Amino acid sequence: MKKALPPMVIAAVASLQAYAGTVTTNGPDIVIDTNSGLEVKTVDGDYAFKLGGRVQIDYNTYDGVINTVEGETGSDLFFRRARLELKGKAKDWSYNISYNLTDSGSIDKLFLTYNGWNEMARLSIGEQKEFFGLEDTGSSKWITAIERSMPSSAFDVGDNMGIKIHGANDLLTYSAGIYKESVDAADNSLDTAITGRLVFRPVYNESMLVHLGGGLTLRDGSFDGFGARLGVRGGENGTANAVAAGYVAGNVDDLSAYNLELAISMESLHLMAEYFDGKISGSGAPDIDADGYYIQLGWIMTGERRKYKTSIAAFDKVKPNSSGGAWEIFGRYDNLDVSNNNALITESGEQADSLTLGVNWYMNSLLKLSANYVHTETDENIGGEDDGDALVARLQYAF
Amino acid sequence: MKKALPPMVIAAVASLQAYAGTVTTNGPDIVIDTNSGLEVKTVDGDYAFKLGGRVQIDYNTYDGVINTVEGETGSDLFFRRARLELKGKAKDWSYNISYNLTDSGSIDKLFLTYNGWNEMARLSIGEQKEFFGLEDTGSSKWITAIERSMPSSAFDVGDNMGIKIHGANDLLTYSAGIYKESVDAADNSLDTAITGRLVFRPVYNESMLVHLGGGLTLRDGSFDGFGARLGVRGGENGTANAVAAGYVAGNVDDLSAYNLELAISMESLHLMAEYFDGKISGSGAPDIDADGYYIQLGWIMTGERRKYKTSIAAFDKVKPNSSGGAWEIFGRYDNLDVSNNNALITESGEQADSLTLGVNWYMNSLLKLSANYVHTETDENIGGEDDGDALVARLQYAF
Amino acid sequence: MKKALPPMVIAAVASLQAYAGTVTTNGPDIVIDTNSGLEVKTVDGDYAFKLGGRVQIDYNTYDGVINTVEGETGSDLFFRRARLELKGKAKDWSYNISYNLTDSGSIDKLFLTYNGWNEMARLSIGEQKEFFGLEDTGSSKWITAIERSMPSSAFDVGDNMGIKIHGANDLLTYSAGIYKESVDAADNSLDTAITGRLVFRPVYNESMLVHLGGGLTLRDGSFDGFGARLGVRGGENGTANAVAAGYVAGNVDDLSAYNLELAISMESLHLMAEYFDGKISGSGAPDIDADGYYIQLGWIMTGERRKYKTSIAAFDKVKPNSSGGAWEIFGRYDNLDVSNNNALITESGEQADSLTLGVNWYMNSLLKLSANYVHTETDENIGGEDDGDALVARLQYAF
């Protein structure tokens, strides 16, 4: 720095100072991004902070067996999800907070993760996904249909407080954890659930993915049955029927379920299929059995490929290549069978099948517009009807 | 500046680098501001993020017909509003989240706006203001009195989920939208409302504004009457009487209302007036009619002018010119008439008039301190009284 | 640009531009920090913004008199606290928002502070701590045991809406305020509480602190008794017994209480003790008396010293000196006596003593892992038992 700066450079610096104050940091160098949310991280990767969220505005119209009112067409416009999301990292530890703004506020997820060992062994503590099922493990932002399939919903174990060890490399992804299912009113002690999942990727390269997986959950608690809405949400507040089986009176103690997963992604095509089987059992009551499956085929007409996250072994976002966005069409067929021939078990619909046809427009990396047509049939009448149709649309903003 | 930087400047730069890490961005250049909240935007204006909020702490003391307990003076100290506000922008789309921290949390507003056409045509989707009435359309942060007038409250349609097209230039502002009013329990289908507003500004320049407007709302749903508190909130939890008319039994299907707006702002003076007229009607029940008006005159003694936003055709903040803040005095007279001579309609007060005199101290761009005196009279006794007085004070922090 | 920049400068600028956009500010110079939360402040100290939070995940197992179910061991895993915290400053005013994410969301604290006079006179307005008691005034993040002592809980006045004047220098700390206790249903008027606290520090230097203090609270409202859980929280939802005294029927109007505080900190040792005494009284009912005390001794084996904040006259965080973290052991004995010999007063346990032994591992400035063993005895049986044990563990992340 022995030579003088030339005059023009000095002038430029001076004029900059006229309108721009400096922004510095006391610690390691920082990088900031705003993509309508806010992301701040240190260049060395040790510390990070991100504030974002997701908003899903749904319009549903549905008739027949789907509507709880016989012979009428129901409709609604509502927030399917509205969440504020906060993530941060300090060296080996990270946190993840997802808060539901709907329904007067509630914790969706809130957990800490220890990342200090390696990618094959991370520990998460707190309210989190148990990781059971391919469709359930993937984010609600990036499922292909507007709603998850009936079997995924019926066997969804939800977000629970617990401890999970998980890891992944290119070949496999695993997770195993113990979770709070409930507190037993008889003695105030914890009822727990154990859930594990294992996924292999015999093929995983730039153009192709083959995903083979399975999961198991063993749950101690108080269970009254299996059920799922008929392929669509219907209105915001319980205005759609469900296919379900449950006890005439009382609950029992044990629930066990397993699933099998297959996914193949080839360039802009993807195939997904899952099978679920579960049982509720306990002394003094008959078992309730349920099983179901779905198969889904999707094609992104504009040539993009669905992203896939090895860390959770699930599909993720579609990032459009061009300013016109990415267009995807898909079809899904799903089935849930809850028929149990026993006088102590009440049933609604016995078995349901639904066909979902849809189109997704990924307008840019933040916005997604979706439209689905759903046709549902049940084996037995629910409220005097055994089939129904729905049109559902969603505008999603995820920042 | 022809000469080289003197050694001391070089030394200063070097020492700065000793304790200050750099802050950069991966994308377009960014500008950051903190005014006790946080604002981050790209220099090109394409992306933005803002986190702020509003807090209103109110102290009320009130007697006579205002207090639900006859012959007693009520009082309370409480958060009138406490909201966290998040706004962001990514090119043509923006979002706006306002969350109520009070009452165990709820969404106040949450909507997306498409700004990609031009200022005369923007589209907003989500939970939003319908834009009906001058006082109701303006922010609760910048109304002149502590509470909106009785007719503004009686005809307030609230924030609703829907779609609105709106636009503005210097001459006119318009909005038209369709909103979710409720879901009909008889068939689970959406009841909707249509609301429009049109405002002209025949005069709009540096020193003077003339605002002429009107609005209309047609609502399908389930309505039981019209009413408003008597000019003050009273306590936090329903401890103040209301002038109201409602059905003895049951609700009906249709509500329609219109309003007319006049505002004149000349230097530090402003005049505001509105008239509202509405009707609830349906088969098998008598109509309920209501109308009301207010007129308000305000003067900012320190010479500032109330800001006005053409985008919503409503008054906005007062920015003090000096470090002593801006001082405003105002008076407002308002009336709400809900008298309906019918045995199937119950009434409380029949008609109410109130006079509000107040002073606002805009301490700086974030803080506002207000004190209002309110005198109210009703045509008929409510709980044995027909007039009352109140003193209300507010400390507001909006960041 | 006729003259060339020296080659090295050009190279440096070019490489910077390859990956880094600029970040500036329109106002005074800004400093940004992320320590997994986000902190932004101007260099001149006039403006600041901070977003952080605290998460406490507790595991409890407890038996005997502690569990509401006789003869059984209770257990639970839950969020003891999960809060989002927002602080900001604009010249003389600052705000402080703490929001509970648990239990469907609620305001924990939300207040404004005027700092424009000096450190001996600050004014806080809004929902805030009243500052009564040493253990209660300190943050729940930095109490030594997992739960505060029984007398601290029994005499905790909570966070309330009000106005408080407070100040501190090295020698003394004081606070005095008036708060909303409740709204009287008989006339809708405010019931208020007056609370004051005074602390002297005859010794306060690098190696030693002697803290002597006392407080008084006089409360007008509606009170039904005194009580506290038996040294541990038990499960999330009221599954642990309490030592308590209350009226058989009805409430009375006045509560008064005082306390005395002693704390000595010498290098890595600390001693804390408090005594509380209170009375509930009113016409037509007997008084309810209660008193209690605790004494606590702690030693940080790795040599760190507990921080102490003169502004609130309470202990604060432990900052580990080494990467292995700081290790602390402590013991606490506490007692709460609510025995009142009167047929109109119901009692549970009469008097309780508990001994708490624990270890804290301050892993780094964000993470704390704690384990406590608690043994409790009551004078009278509660649900057939008069002693019990508990093991409680906590993982805390405060960013």
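Not measured: the values here are computed from a predicted model. (Residues numbered from 1 in each chain as written. Chains lettered and ligands numbered in written order. Predicted model: local features only at pLDDT ≥ 70, side-chain atom pairs only at ≥ 80, totals over all residues. Heavy atoms only, no water.)

**A closer look at the overall build of chain A**
Counting its secondary structure elements, chain A contains three helices and 24 strands. Dimensions of chain A along its principal axes, counting C-alpha atoms only, are 95 × 50 × 45 Å. Looking at chain A as a whole, 55% of its 399 residues qualify as buried. Residue pairs at least 24 apart in sequence account for 61% of intrachain contacts in chain A once pairs closer than 6 positions are excluded. Surface summary for chain A: the accessible area is close to 15,600 Å², and the carbon and sulfur share equals 54%. If you average the places of the 33 positive and of the 55 negative side-chain charges in chain A, the two averages end up 15 Å apart. (Helix = DSSP H or I, 4+ residues; strand = E, 2+ residues; numbered from the N terminus. Buried < 20%, exposed > 50% of the residue type's maximum accessible area, 1.4 Å probe, protein only. Contact = heavy atoms within 4.5 Å. Areas by Shrake-Rupley, 256 points an atom, 1.4 Å probe, with all protein chains shown as cover. Lys, Arg positive; Asp, Glu negative; His and termini not counted. Charge placed at Lys NZ, Arg CZ, Asp CG, Glu CD.)

**Some points on the nonpolar core**
If you look at the biggest cluster of nonpolar residues, it comprises 99 residues, and the most contacted ones within it are Ile 32 and Tyr 397 of chain A, Ile 32 and Tyr 397 of chain B together with Ile 32 and Tyr 397 of chain C. Residue contacts for Tyr 397 of chain A: discarding those within four places in its chain leaves Ser 36, Gly 53, Arg 54, Val 55, Leu 366 and Leu 367 of chain A together with Ala 90, Trp 93, Tyr 95 and Leu 112 of chain B. (Core = buried A, V, L, I, M, F, W, Y, C linked by side-chain atoms within 4.5 Å.)

**Side note on the environment of Asp 170 of chain A**
All names here are of chain A. Among the structural elements, Asp 170 can be located in the loop between β9 (159-168) and β10 (172-184). What makes Asp 170 exposed here is its relative accessible area of 51%. Discounting residues that sit within four places of it in the chain, Asp 170 has contacts with Arg 201, Tyr 204 and Thr 310.

**Details of the interface of chain C and chain A**
Counting residues at the interface gives 51 residues for chain C, matched by 47 residues for chain A. Counting the contacts that link chain C with chain A gives two salt bridges. As a salt-bridge pair, Lys 180 of chain A and Glu 236 of chain C come within 3.2 Å of each other at their nearest N and O atoms. Taken together, the links from chain C to chain A amount to 17 residue pairs in polar contact (both at pLDDT 80 or more). Along the lines of polarity and charge, the residues of the side of chain C that touches chain A split into 27 nonpolar, 18 polar and six charged. Strand direction decides the pairing type here: strand β1 (residues 21-25) of chain A and strand β2 (residues 30-33) of chain C, joined by three bridges, are parallel. Directly across from Val 23 of chain A, in β2 of chain C, lies its bridge partner Ile 30 of chain C. (Salt bridge = Lys/Arg side-chain N within 4 Å of Asp/Glu carboxyl O. Polar contact = N/O pair within 3.5 Å; in protein donor to acceptor, adjacent residues only side chain to side chain. Nonpolar A, V, L, I, M, F, W, Y, C, P; charged D, E, K, R; others polar. Pairing = 2+ DSSP bridges.)

**Focus: the relation of the copies chain C and chain B**
Aligned on chain B, chain C shows an RMSD of 0.0 Å; the corresponding rotation is 120° and the shift along the axis is 0.0 Å. Both chain copies can therefore be described as sitting about a three-fold axis. (Least-squares fit on C-alpha atoms with pLDDT ≥ 70 in both.)

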